[in-house]
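Chain residues, written in single-letter form:
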Amino acid sequence: MKKVALIHGPYDDTGDMTGTAYVMEIGYLVDDRHVMYIDSSGDLWVQPVRRVDGRKTLYIPSDSVPGAKLATGVERGDIVISEIYARLSEMNGWRFLVNVLLPSDSVIELELAE
């Protein structure tokens, strides 16, 4: 995993559409297409990204898929990200489904191809 910058925005920073703002998150590129990071409120996210041309460590969110919140109240981002990445990369899809998703309180909707 390598440390990268992820830029979100532009956002309206005034409420009257006269200014814009960007948010930069520091995270870890966990494969060629995803960054894991902790936002300012302590939420752990995994975000599909694409690299900015000409920049080795600058990424922007992918337009095709939204990010997913993995946890809240995270304090030590680098340790948590390394541990979660290690655990998830050792699992296959079936183990993730039966060990992580099914025992949780989350509602899971699966779309099955015909």
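What counts, and where the lines are drawn
- Residues numbered from 1 in each chain as written.
- Predicted model: local features only at pLDDT ≥ 70, side-chain atom pairs only at ≥ 80, totals over all residues.
- Heavy atoms only, no water.
- Salt bridge = Lys/Arg side-chain N within 4 Å of Asp/Glu carboxyl O.
- Helix = DSSP H or I, 4+ residues; strand = E, 2+ residues; numbered from the N terminus.
- Buried < 20%, exposed > 50% of the residue type's maximum accessible area, 1.4 Å probe, protein only.
- Core = buried A, V, L, I, M, F, W, Y, C linked by side-chain atoms within 4.5 Å.
- Contact = heavy atoms within 4.5 Å.
- Polar contact = N/O pair within 3.5 Å; in protein donor to acceptor, adjacent residues only side chain to side chain.

### A look at the pattern of salt bridges
Part 1 of the argument: For the structure on display, the rule yields 3 salt bridges.
Part 2 of the argument: The salt bridge involving Glu83 is made with Arg87; its shortest N-O contact spans 2.9 Å. Residue Glu83 and its partner Arg87 are located together in helix H1 (residues 77–90), separated by 4 residues, close to a single helical turn.
Part 3 of the argument: On the basis of relative accessibility, which here comes to 53%, the residue Arg87 falls in the exposed class.

### Describing the nonpolar core
Part 1 of the argument: In this structure, Tyr28, Val30, Met36, Ile38, Leu44, Val46, Val74 and Ile81 together form the largest nonpolar core, which totals 8 residues.
Part 2 of the argument: Of all the secondary structure elements, the ones that give two or more residues to this core are strand E3 (34–38) and strand E4 (44–51).
Part 3 of the argument: Those residues in contact with Met36, other than ones at most four positions away along the chain, are Gly27, Tyr28, Val30, Leu44, Trp45, Val46, Leu70, Ile81 and Ile84.
Part 4 of the argument: Counting residues in hydrophobic clusters, the runner-up holds 7 residues, among them Leu6, Leu29, Val35 and Tyr37.

### Thoughts on the side chain of His8
Part 1 of the argument: Considering the arrangement of structural elements, one finds His8 in strand E1 (residues 2–12).
Part 2 of the argument: Within the local environment of His8, its side chain forms a polar contact with the side chain of Tyr37, the two groups lying 3.3 Å apart.
Part 3 of the argument: Look past the residues within four positions of His8 in its chain and what remains in contact with it is Tyr22, Val23, Glu25, Tyr37, Gln47 and Pro61.

Don't take any of this as a statement about function, it's just geometry.
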